[in-house]
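Examination of the molecular architecture
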Amino acid sequence: MDKLILAIESSCDETAAAVVKNGREILSNIINTQIDLHKIYGGVVPEIASRKHIENIDAVIEEALSQANVTINDIDAIAVTYGPGLVGALLVGVSYAKGYAYAAKKPLVPVHHIKGHITANFLAHKNLEPPFISLVASGGHSHIVLVEDYTKFKILGKTRDDAAGEAFDKIARVLGLGYPGGPLIDKLAKEGNSKAIHFPRVRIDKDSLDFSFSGVKTAVINYLHKAQQQGIEINKADVAASFQDAVTDVLCEHTIDSCLKYNMKTIAIAGGVAANSDLRNKMTILCNEKGINVLYPPPVLCTDNAAMIGCAGYYLYLNGSRAKLDLNAVASLSIED
Ligand code: KG4
Ligand code: ZN
């Protein structure tokens, strides 16, 4: 029997709802982004995000059901992101999901946002099965994860300071490009020379798969300050391309090393930074050389969406995972819980 999951995501600045069939088929995927509202502040303002989620969530969920051509009666379970993320933003989705699940007498399934990002690959690649390695790089996280099973994840490496997406956003800000920075750097870098400036590639020690992006961020900022003091004109495209080259080199190297170390055959990349064109190209070339299969979701499933929560929620639902009505939003939540 087909299983339909209604999924709700509100962890940051996207109010999203989706209907997913049997974990692998997207029947609808509605994303109401608040980017334009937060842009003028140079980043997400949590209070504004929560208020906008409250205004939008009803219509987004109605639209998700309507585009999927189903009613709440056809839904088998409601899946909701309960962490990690902005606690006020998460609470809107969690409260809505609890109320809806109670009223409609549907099971409620709690979903970890980062696990959702990883499982976006199951939506994009119908034959993908665990185990595999996933690099999940977003605005708040940079993890290398061993996906042991559909609901079992083991962290092999993570950032010790900034997330990769956070570094993209900060450098875009100092270059005066705007928010969110990742897509803007990605675009500008295409006009620049990635070998123009050498920025550091940090390896904490040779046995560690952990990342550190604060060094490359500081190096770019120092470069810009020095050039300004000396009255040297900056080529922003070269800076963007060289910075991106340093970050994607490290992301690729650590991920491929972990794949070889754990004898895996497949790498699936995920999270907002997985939309980066240089990361995709580089990872594909390097993996081809090593005989590793590399997968990534389309850009719309890389950045925040609810379809990925529907996929993760489906496997959790099959596994018997249920939340009670005292489910709370959790700002920091380990992927291994
Ligand atoms: O996964 P996501 O939508 O939200 C979080 O869970 O954080 O990721 C957003 C992050 C932002 O930092 C954004 O700048 C980055 O992903 N991003 C990119 C690209 N598209 C989005 N970074 C690099 N290149 C891109 N094309
Ligand atoms: Zn995310």
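In the block above lies the structure referred to throughout.
This one's a predicted model, so the numbers in the text were calculated from it and none came from an experiment.

**Comments concerning the overall build of the protein**
- Looking only at helices and strands, one finds 11 helices and 10 strands in the protein.
- Rg of the C-alpha trace for the protein: 20 Å, near the compact-globule value of 20 Å for 337 residues, within the 12% margin.
- A principal-axis box enclosing the C-alpha atoms of the protein has dimensions of 65 × 45 × 30 Å.
- Among the 337 residues that make up the protein, the fraction classed as buried is 54%.
- Residue pairs in contact within the protein that sit at least 24 positions apart in sequence constitute 73% of those at least 6 positions apart.
- Distance between charge centroids for the protein: 3 Å, based on 33 positive and 37 negative side chains.

**A few points about the pairing of strand β8 (residues 152-158)**
- Pairing of strand β7 (residues 142-149) with β8, which is carried by 6 bridges, proceeds in the antiparallel orientation. Within β8, the residue paired with Ile144 across the bridge is Gly157.

**Let's talk about the pattern of salt bridges**
- All told, the structure shown has 20 salt bridges when counted by the stated rule.
- Here Lys21 and Glu25 are joined by a salt bridge, their closest N and O atoms 4.0 Å apart.
- With a shortest N-O distance of 2.6 Å, Arg203 and Glu253 are connected by a salt bridge. Placement of Arg203 in the loop between α6 (181-189) and α7 (214-229) and of Glu253 in helix α8 (residues 236-261) is noted, with a sequence separation of 50 residues between them.
- Note on Glu253: relative accessible area 40%, which makes it partly exposed.

**Re the pairing of β7**
- Here β7 lies mainly inside the structure; 6 of its 8 residues are buried.
- Examined bridge by bridge, strand β6 (residues 132-137) and β7 share 6 bridges and lie antiparallel to one another. Each bridged residue has a counterpart across the sheet, and for Ile133 the counterpart in β7 is Leu146.
- Here β6 folds back onto β7 in antiparallel fashion, the turn holding 4 residues.
- Adjacent in sequence and paired antiparallel, β7 and β8 are bridged by 2 residues.

Conventions we followed
- Residues numbered from 1 in each chain as written.
- Chains lettered and ligands numbered in written order.
- Predicted model: local features only at pLDDT ≥ 70, side-chain atom pairs only at ≥ 80, totals over all residues.
- Heavy atoms only, no water.
- Helix = DSSP H or I, 4+ residues; strand = E, 2+ residues; numbered from the N terminus.
- Rg over C-alpha atoms; globule rule 2.2 N^0.38 Å.
- Buried < 20%, exposed > 50% of the residue type's maximum accessible area, 1.4 Å probe, protein only.
- Contact = heavy atoms within 4.5 Å.
- Lys, Arg positive; Asp, Glu negative; His and termini not counted.
- Charge placed at Lys NZ, Arg CZ, Asp CG, Glu CD.
- Pairing = 2+ DSSP bridges.
- Salt bridge = Lys/Arg side-chain N within 4 Å of Asp/Glu carboxyl O.

By themselves, these figures tell us nothing about what the structure is for.
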